[in-house]
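# Residue-level structure breakdown
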Amino acid sequence: MEELIIIGAGPAGLTAGLYAARARLKTVLLERLAPGGQVMTTDRVENYPGFPEGISGFELIDRMKKQAESFDLKIELTEVTSLELTPEKKVVVTDKGKYESKALILTTGATPMKIGIEGETLLTGKGVSYCATCDGPFYRDQEVAVIGGGDTAIEEALFLTRFVSNVHVIHRRDELRATKLLQERAMADEKIHFIWDTIPTRILGVNGVEGIELKNVKTEEISQLPVEGVFVFVGYSPGNDLIKGKLDLDPYGYVITDNDMETSVPGVFAAGDIRSKLLRQIVTAVGEGATATFAAEKYLEGFK
């Protein structure tokens, strides 16, 4: 039996693993694909402390992984298929076998919802982004499009005005879903332009975004908008498939924890984008990963 199992090898999971390995806890980190999570789709990270020149998402994750492995963290590539969670024991069933532990940290993240149109996958990381806070500074004095009409879309559109020449907000309805205060701010900003009753049908470009094809849902008119960046904010999907009905979730499906990252089941912790919280960034994920492991260590002391 392991002392600690961590599920998910993004920044939160790798940090949790680093702290666990340094604490000499018997730990295994389980990852379905390859370490990295959303960070791997980010061409350049400029808002993570310690890298004034910026760093690629791949290199940052590679450094995190090597650092954790330098303390002999065991990382297994396997897909978790089900969980059995009790205060006494955590059973993790995978496609390669069963793992058991006394404590568990969930770092399964959240995935930006895609719009599923031609060019989106091809140009992700090459002009298509799901995080203005991460990538906005790369579009200084350029034209960009924001797809969405909720709070996140309008908040990110407002953030982008710090860098870009113009933000074209594309929304399928004739009014926003965002809170009134955000709407007022956006309407008053001369850099933000709204394209109502419109959906994107294709993102144009091969090696980078060159424009976006649009369709008016009322007139069915097709048009093209030349932009160099497309920011998609149509919602996030928390990685909660394994824990529905097992842990307390907020109305959006994110895991509710206390300040020590502990969930509604004793000995089960959550960190990173899967948590119900205000800000989802690399820097918050690593802090929560460290806290979760420290709290798990204290929890495990109760068994000794």
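See the structure shown above.
Anyway, here's the lowdown on the structure attached to this text. Just so you know, these numbers come straight off a predicted model, no measurement behind them.

## Digging into the overall build of the protein
Each helix and strand in the protein was counted, giving six helices and 17 strands. Against the 2.2 N^0.38 benchmark of 19 Å for 304 residues, the protein shows a C-alpha radius of gyration of 21 Å, consistent with a compact globule. The dimensions of the protein, computed from C-alpha atoms along their principal axes, are 65 × 40 × 35 Å. Looking at the protein alone, contacts between residues at least 24 apart form 59% of all its contacts between residues at least 6 apart.

## Section: the packing of helix H1 (residues 11-22) against helix H6 (residues 282-301)
The axes of two packed helices give the description: the angle between them and the distance between them. One way to put it is that H1 packs onto H6 with a least axis distance of 7 Å and a crossing angle of 35 degrees. In terms of crossing hand, the pair formed by H1 and H6 is right-handed. Contacts between H1 and H6 involve Pro11, Ala12, Thr15, Ala16, Tyr19 and Ala20 on the former and, on the latter, Ile282, Ala285, Val286, Gly289, Ala290 and Thr293.

## Thoughts on the side chain of glutamine 281
Residue placement: glutamine 281 occurs in the loop between strand S17 (268-270) and H6. According to the relative accessible area criterion, glutamine 281 is buried, its value standing at 13%.

## Details of the nonpolar core
Grouped together as the largest cluster of nonpolar side chains are 35 residues, with contacts concentrated most on Leu4, Tyr48, Leu60, Met64, Ile105, Phe269 and Ile282. Contributions of two or more residues to this core are made by strand S1 (2-7), H1, helix H2 (57-69), strand S6 (97-106) and H6. When residues of this core are assigned to their parent elements, the largest contribution, eight residues, is made by H6. Core analysis: the next-biggest nonpolar cluster, separate from the first, contains 22 residues, Phe163, Leu176, Ile192 and Phe231 among them.

## Side note on the environment of alanine 20
Summarising the element assignment, alanine 20 is placed in helix H1. On a C-alpha basis, the gap between alanine 20 and leucine 73 in space is 8.0 Å, while along the polypeptide they are 53 residues apart. Other than its neighbours up to four places away in sequence, alanine 20 contacts Leu4, Leu25, Thr27 and Thr293.

## Notes on unusual backbone geometry
Located in the positive-phi region is arginine 24, a residue other than glycine, with phi close to 60 degrees. Within the secondary structure layout, arginine 24 lies in the loop between H1 and strand S2 (27-31). Even without glycine at this site, aspartate 197 takes up a positive phi of about 50 degrees. Looking at where aspartate 197 falls in the secondary structure, it is placed in the loop between strand S11 (192-195) and strand S12 (198-204). Of the residues examined, aspartate 197 reaches a relative accessible area of 12% and is grouped as buried.

## Focus on the sheet that holds S12
Taking strand neighbours across the sheet as the criterion, the three strands line up as S12-S13-S14 in an open arrangement whose pairing is antiparallel. In the strand order of this sheet, the two ends are held by S12 and strand S14 (222-225), each with one partner. Taking each pair of neighbouring strands and ignoring which way they run, the sheet shows an average axis angle of 30 degrees.

## Quick word on the pattern of salt bridges
Inspection of the entire model under this criterion finds twelve salt bridges. Of the charged contacts, one joins aspartate 241 and lysine 244 as a salt bridge, the two residues approaching to 3.9 Å between their closest N and O atoms. Residue classification places aspartate 241 among the exposed residues on the basis of a relative accessible area of 66%. Between glutamate 288 and arginine 275 there is a salt bridge, with its nearest N and O atoms 3.1 Å apart. Highlighted residues: glutamate 288 in helix H6 and arginine 275 in the loop between S17 and H6, separated in sequence by 13 residues. Among the residues examined, glutamate 288 registers a relative accessible area of 8% and is labelled buried. The exposure class assigned to arginine 275 is buried, which follows from its relative accessible area of 11%. Where salt bridges share partners, they join Asp174, Asp197 and Lys218 into one cluster.

## Things to note about the packing of H1 against H2
Contact pair H1 / H2: the axes reach a minimum separation of 9 Å and the direction vectors enclose 20 degrees. With respect to each other, H1 and H2 are oriented roughly parallel. Between H1 and H2 the crossing geometry is left-handed. Only Ile61, Met64, Lys65, Gln67 and Ala68 of H2 make contact with H1, whose side of the interface consists of Pro11, Leu14, Leu18 and Ala21. For the contact of H1 with H2, the class distribution of residues is seven nonpolar, one polar and one charged.

## Side note on the pairing of S2
Taken residue by residue, a regular strand's side chains alternate between the two faces of the sheet. Counted residue by residue, S2 has five buried out of five residues, so it is predominantly covered. On S2, burial covers both faces: Thr27, Leu29 and Glu31 on one face and Val28 and Leu30 on the other are all buried. Running through H1, the crossover from S1 to the neighbouring parallel element S2 is right-handed. Across four bridges, S2 lies against strand S3 (residues 74-77) in parallel orientation. Bridged to leucine 30 within S3 is glutamate 76.

Quick notes on the rules
- Residues numbered from 1 in each chain as written.
- Predicted model: local features only at pLDDT ≥ 70, side-chain atom pairs only at ≥ 80, totals over all residues.
- Heavy atoms only, no water.
- Helix = DSSP H or I, 4+ residues; strand = E, 2+ residues; numbered from the N terminus.
- Rg over C-alpha atoms; globule rule 2.2 N^0.38 Å.
- Contact = heavy atoms within 4.5 Å.
- Axes fitted to C-alpha atoms, helices over the stretch in contact; angles between N-to-C directions.
- Left-handed = near helix turned anticlockwise from the far one by under 90°.
- Buried < 20%, exposed > 50% of the residue type's maximum accessible area, 1.4 Å probe, protein only.
- Core = buried A, V, L, I, M, F, W, Y, C linked by side-chain atoms within 4.5 Å.
- Pairing = 2+ DSSP bridges.
- Salt bridge = Lys/Arg side-chain N within 4 Å of Asp/Glu carboxyl O.
- Parallel < 35°, antiparallel > 145°, perpendicular 65-115°, else oblique.
- Nonpolar A, V, L, I, M, F, W, Y, C, P; charged D, E, K, R; others polar.
- Right-handed = clockwise from strand over helix to strand, strands pointing away.

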